[in-house]
Amino acid sequence: MKTNLRLSLRLIIYLIIILLLLALVISGVLALVTEVILPREGNEQDLGVLISVPAIFLGFMIFAGWSLGRPLYYIIRRIDLLAGGVYADPAGDRKIYSGKAARLKRPYRLFKELIIQLQALSDVLENSSQERRRLDAMRMDWVAGISHDLKTPLTYIKGYSSMMLSPQYEWTKEETTLFLTEIERKADHMQELIGDLNLSFRLDEQQAPIQLERTDLVEFVRRIVADISNDPRAGRYSLIFGAAKPHMETVLDRRLLGRALHNLILNAVLHNPPGTRVKVHIRQTARLEIDIADDGAGMSEESVERLFDKYYRGTSTDILSEGTGLGMAIARQLVLAHEGDISVASRLNEGTVITVALPLYN
C-alpha cells in the first residue's frame, strides 16, 4: 500500500512538472516568436505561432514518451520473461543502473519500488525453481530406492515360491517351514513399506485421523524405551530413561506418536555402533521436550539439514535397506500433526541429540 502511494505521488509530481515545463516553454517560445523573430503583427506572425505550438507539443510528447516509455518497456518485458520462466534481468545492471553506488538511472527512478519488487519476485521464483529441480532429482533417487525396496522382497518371494513348486526336488518339512517363514517375513516388509507410503501421503494431505487423548507422557515414553530395550537388535546398546518430574500430562494420539518416538529411538540404536549409550530424557519448559541423545557416530551437516527430508536417503547401508526410507520423514510429520516440533543437533564422532517438543496439556 505504501509502495503504491509513493509511486502514485511520484507519477503525479512528474506529470505536474512536465505540464509546468510545457507551459513555460510555450510561453517562452511564443514571446520569442512575437517579440524577437516576428515582431510585426500579421500573417507571418500568426503562422509562426501556429507552427511553434504544435512543434512544442510534439517535442514534449517525444520527451515524455521516451522518459516514461523506456522504464515501462523494461517492466513489461521483465513481466513477460517472468511469465515465460526466464528470471534473469533482460536489461542487465549496466542499462538501468549507473555509478559505483549502483543507483537506478534517472528515467527508472520513477518506478523504483516497482523495479525493486520485480527483482525480489524474480529472486523468489529463481530460488523456487532451483529448489523444485533439486527436489525432483531427489524424488527420482527416492523412487528408485523405493522400487529397489519393493523389488528385493518380491525377488525372495518369487525365488522361494519357485523352489517349493519345483517338481525336481522333494523338500523336507523343515526346509518348507524355513521357506515359508522367509516368504512371510518379506511379505511383512512389503506391507510395512506400503503402509508407510500410504501414511505419508495421507499426512501430506492432512487426512490422517489424529485421535487425541489425555496421557501421562512420562509413563508413555517409559514403555516405549522398555519395549526397544527388549528388542534383540538393542541387546548390545545401553538405553537410559529419565524425567524431570514423575508425571507430565499432555494430549496425544498414542498409536501415531508412539510410532514416531519408537522410530526415533530405534534409529539411535540401529545407526550407531554397538556399545553406544542412548539416553531418553523428558523435561518441561514452555513445552514438554523429549531429548533422545546418543554418544555414537554423529552426522555430517548435510545429513542433519536433510535428515527429515522425505526424498533424502543419506546412506545405502544394509541397515537402511531393511527399512522403508520414510521413517524419519513420517516421524516429523506425526510430531507436527500434534502441533509439536522436532529438531536435531549432531557432530561427527560426538553423537546426536534429537528433541521432540509437544504442547503442554491445558
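Residues numbered from 1 in each chain as written. Predicted model: local features only at pLDDT ≥ 70, side-chain atom pairs only at ≥ 80, totals over all residues. Heavy atoms only, no water.

Caption draft 1: Representation of the overall build of the chain. Assigned secondary structure in the chain consists of eleven helices and nine strands. By the burial criterion, 35% of the 362 residues in the chain qualify as buried. In the chain, of all internal contacts separated by at least 6 residues, the share reaching a separation of at least 24 is 71%. As presented, the chain carries roughly 22,700 Å² of accessible surface, and 58% of it is formed by carbon and sulfur atoms. (Helix = DSSP H or I, 4+ residues; strand = E, 2+ residues; numbered from the N terminus. Buried < 20%, exposed > 50% of the residue type's maximum accessible area, 1.4 Å probe, protein only. Contact = heavy atoms within 4.5 Å. Areas by Shrake-Rupley, 256 points an atom, 1.4 Å probe, with all protein chains shown as cover.)

Caption draft 2: Highlighting the sheet that holds strand E6 (residues 277-284). Reading across the sheet, the five strands line up as E4-E6-E7-E9-E8 and stay open at both edges, with mixed pairing between neighbours. Sheet topology places strand E4 (238-243) and strand E8 (341-347) at the edges, where each strand pairs with a single neighbour. On average, adjacent strands in this sheet sit at an angle of 15 degrees to one another, irrespective of strand direction. The pairing of E8 with strand E9 (residues 351-358) spans seven bridges and is antiparallel. Along E9, the bridge assignment pairs serine 346 with threonine 352. (Pairing = 2+ DSSP bridges. Axes fitted to C-alpha atoms, helices over the stretch in contact; angles between N-to-C directions.)

Caption draft 3: Representation of the side chain of asparagine 272 within the structure. Among the structural elements, asparagine 272 can be located in the loop between helix H8 (254-270) and E6. When its relative accessible area of 9% is taken as the criterion, asparagine 272 is described as buried. Within polar-contact distance, the side chain of asparagine 272 engages the backbone oxygen of alanine 268 at 2.7 Å. Polar contacts involving the side chain of asparagine 272 include one to the side chain of aspartate 294, which spans 3.5 Å. (Polar contact = N/O pair within 3.5 Å; in protein donor to acceptor, adjacent residues only side chain to side chain.)

Caption draft 4: How the structure looks around the packing of helix H7 (residues 217-229) against H8. For the pair H7 and H8, interaxial distance at closest approach is 10 Å and the crossing angle is 50 degrees. For the element pair H7 / H8, the angle class is oblique. In this structure, the crossing between H7 and H8 has a hand that is right-handed. Of H8, the residues touching H7 (which contributes Phe220, Val221, Ile224, Val225, Asp227 and Ile228) are Arg254, Leu257, Gly258, Leu261, His262, Ile265 and Leu266. For the contact of H7 with H8, the class distribution of residues is nine nonpolar, two polar and two charged. (Parallel < 35°, antiparallel > 145°, perpendicular 65-115°, else oblique. Left-handed = near helix turned anticlockwise from the far one by under 90°. Nonpolar A, V, L, I, M, F, W, Y, C, P; charged D, E, K, R; others polar.)

Caption draft 5: Summary view of the packing of aromatic side chains. Inspection of the entire model under this criterion finds four aromatic pairs. With a centroid separation of 5.1 Å and 80 degrees between ring planes, the pair formed by tryptophan 171 and phenylalanine 179 is classed as edge-to-face. Judged by relative accessible area, phenylalanine 179 falls into the buried class, the value being 7%. Members of the aromatic cluster, each reached through a chain of ring pairs, are Tyr156, Tyr160, Tyr169, Trp171 and Phe179. Over the ring of tyrosine 156 we find lysine 186; its NZ or CZ atom is 4.2 Å from the centre of that ring. (Phe/Tyr/Trp six-rings, centres within 6.5 Å; stacked < 30°, edge-to-face > 60°. Lys NZ or Arg CZ within 6 Å of the ring centre and 35° of its normal.)

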